[in-house]
Amino acid sequence: MKKALITGVTGQDGSYLAEFLLGKGYEVHGIKRRASLFNTERVDHIYEDPHEKNPQFYLHYGDLTDTSNLTRILQEVQPDEVYNLGAQSHVAVSFEAPEYTADVDAIGTLRLLEAIRFLGLEKKTKFYQASTSELYGLVQETPQKETTPFYPRSPYAVAKMYAYWITVNYRESYGMYACNGILFNHESPRRGETFVTRKITRGIANIAQGLESCLYLGNMDALRDWGHAKDYVRMQWMMLQQDEAEDFVIATGKQISVREFVRMSAAEAGITLEFSGEGEQEIATVVEVNHEMAPGVSPGDVIIQVDPRYFRPAEVETLLGDPSKAKEKLGWTPEITVEEMCAEMVQSDLEKAKQHALLKKHGYTVSVAKE
Ligand code: NDP
Ligand code: GDR
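Residues numbered from 1 in each chain as written. Chains lettered and ligands numbered in written order. Predicted model: local features only at pLDDT ≥ 70, side-chain atom pairs only at ≥ 80, totals over all residues.

1. Some details on the sheet that holds strand 2 (residues 27-32)
- As summarised here, the arrangement of the seven strands in space is 3-2-1-4-5-6-11, forming an open sheet in which the pairing is parallel. In this open sheet, the two strands that pair with only one neighbour each are strand 3 (57-61) and strand 11 (248-250). Strand-to-strand twist of the sheet, defined as the mean angle between neighbouring strand axes without regard to direction, takes the value 20°.
- Examined bridge by bridge, strand 1 (residues 3-7) and strand 2 share five bridges and lie parallel to one another. Looking across to strand 2, one finds that threonine 7 is bridged to isoleucine 31.
- The strands that helix 4 (residues 98-118) touches are strand 4 (81-84), strand 5 (126-132) and strand 6 (178-183); relative to strand 4, the one it contacts most, it runs at about 170°. (Pairing = 2+ DSSP bridges. Helix = DSSP H or I, 4+ residues; strand = E, 2+ residues; numbered from the N terminus. Axes fitted to C-alpha atoms, helices over the stretch in contact; angles between N-to-C directions. Contact = placed C-beta atoms within 7 Å.)

2. Some thoughts on the site of ligand 1
- Contacts to ligand 1 come from 26 residues, most closely from Gly8, Gly11, Gly86, Ala87 and Ala130.
- If you list the elements that add at least two residues to the shell around ligand 1, you get helix 1 (12-23) and strand 5.
- The dominant element in the shell around ligand 1, judged by the number of residues it contributes, is helix 1, at three residues.
- Taken together, the residues that form the shell around ligand 1 break down as eight nonpolar, 15 polar and three charged. (Near = placed C-beta within 6 Å. Nonpolar A, V, L, I, M, F, W, Y, C, P; charged D, E, K, R; others polar.)

3. So, the packing of helix 6 (residues 196-208) against helix 8 (residues 258-268)
- At a minimum axis distance of 10 Å, the contact between helix 6 and helix 8 shows a crossing angle of 30°. Of the possible angle classes, the one that applies to helix 6 and helix 8 is roughly parallel. Helix 8 is crossed by helix 6, and the crossing has right-handed handedness. Seen from helix 6, the contacting residues are Val196, Thr197, Ile200, Thr201 and Ile204; seen from helix 8, they are Val258, Phe261, Val262, Ser265 and Ala266. (Parallel < 35°, antiparallel > 145°, perpendicular 65-115°, else oblique. Left-handed = near helix turned anticlockwise from the far one by under 90°.)

4. Considering the sheet that holds strand 14 (residues 283-289)
- Read across the open sheet, the four strands follow the order 8-15-14-13; overall the sheet is mixed. Only two strands of the sheet have a single partner each, and these edge strands are strand 8 (215-217) and strand 13 (271-276). The average angle at which neighbouring strand axes cross in this sheet is 25°, direction not considered.
- Each of strand 8, strand 13 and strand 15 (302-306) touches helix 6; the most contacted strand, strand 8, lies at about 155° to it.
- Relative to strand 13, helix 8 is tilted by about 155°, and along the sheet it contacts strand 8, strand 13, strand 14 and strand 15.

5. Some thoughts on helix 5 (residues 155-174)
- Given a rise of 1.5 Å per residue, 20 residues ought to cover 28 Å, and the 28 Å separating the end C-alpha atoms of helix 5 matches this to within 8%.
- A positive backbone phi angle near 65° is found at glycine 175, which sits one or two residues after helix 5. (Expected span 1.5 Å × (residues − 1).)

6. A few points about the UniProt feature "domain: NAD(P)-binding" (unreviewed entry) in the protein
- Following the UniProt record, the feature "domain: NAD(P)-binding" (unreviewed entry) maps to residues 5-345 here.
- The span residues 5-345 carries 35% helix and 18% strand; its end-to-end C-alpha distance comes to 28 Å. (UniProt positions renumbered as here; feature names shortened; annotations may be inferred.)

7. Points about unusual backbone geometry
- Each neighbour pair has its own omega, and for threonine 142 with proline 143 the value is -5°, a cis peptide bond.
- Structurally, proline 143 is set in the loop between strand 5 and helix 5.
- Unlike most non-glycine residues, glutamine 78 shows phi in positive territory, near 50°.
- Inspection of the secondary structure puts glutamine 78 in the loop between helix 2 (67-77) and strand 4.

8. Focus: the environment of threonine 252
- Examined against the element boundaries, threonine 252 turns out to sit in the loop between strand 11 and strand 12 (256-257).
- Sequence-wise, threonine 252 and glutamine 347 are 95 residues apart; in three dimensions their C-alpha atoms are separated by 22 Å.
- For threonine 252, the contacting residues outside a window of four places in its chain are Asp225, Gly227 and Pro334.

As structure tokens, then:
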């Protein structure tokens, strides 16, 4: 039985990857951070109580900033595969906490690689690094592929650039099986609530159910190549099953704007929007509504406004990936379209919003967290 160790197992990708690997018969170990509240919601459904049966899924307390902790976990687990998904992964937050982001995302990757080498596991343990399309930043070529030059535009992207190259360096220096998946944006109902797609689907769902009145967003013109996390974690595993370690771009090859994602999400919730104004003045007004689906809104309501608070000091305006290499060499193609993904996210958030609305109707206090 193969053993995998996943950093960031409590995150979006970590939870899908853990499920995927358990399905393949792996023994899966994940690193979770200590928090003052439970932070395992995304993996609770696969956690097996060790008191009841022989578990296949184990959680270890740890942190990418703690070398001795990482070394001890690696020594205990002796994994065949390490997936380094743990990161301070929010681009906007990286401008607020650049040093911490560098410590976790850049040096954290080095700590793991060095621990593998220090323990003499470099010939046994395969290493996957969660690299990112943010490396392309101010794009030098469209669409972006493995050979496109990097131009990072945030402390997050700069930290991830170090992680990218240190992974390549350990592969070339020590013959480690270490590779980068350069993944373009991927989303799901498990996406963190402050990334734009989830912020939109959750906001629209809450507005449709009368729990909120308006959603405030930043740059509506940004273009992204959005795929589904389920498709992308499959590729993370595929990348570690080759004879030779190589880096791959993972993307859909299609892009849409934030505005288009808003329009699509609203339509899924029974709301037709009209956009007007430009830049900071842009708003979206309800022109038609299916009241059964969206009892909380009426025609004429302004439900989207731009708030410059969400603009970034340096923006990545457009990203579009070319996944040809992954298709040719690994036979990988994404199965879920952005439309299907958006519909799944809206429906999942509507389900939650309806539960909240019902509680509210029956006199219970419901607080909706916002950033
Ligand atoms: P999430 O933000 O959902 O998950 C990040 C995970 O990292 C969480 O489990 C988080 O723990 C953990 N983490 C954060 N800080 C530390 C730390 N100091 N030590 C250990 N673990 C830590 O990200 P995604 O699942 O979306 O992304 C997974 C990886 O892929 C990340 O590295 C991200 O940068 C990268 N990536 C993501 C893309 C995307 O579109 N989703 C695209 C390209 C790359 P906790 O739950 O406690 O916060
Ligand atoms: P990104 O994702 O920065 O691409 O990083 P995010 O969803 O945060 O932003 C995408 C684009 O939408 C614009 N935007 C907003 N973004 C947020 N978060 N909130 C808003 O209100 C808002 N309004 C407009 C942004 O400016 C941006 O242009 C994600 C993360 O998962 C990274 O970890 C990963 O590496 C990259 O994707 C690929």
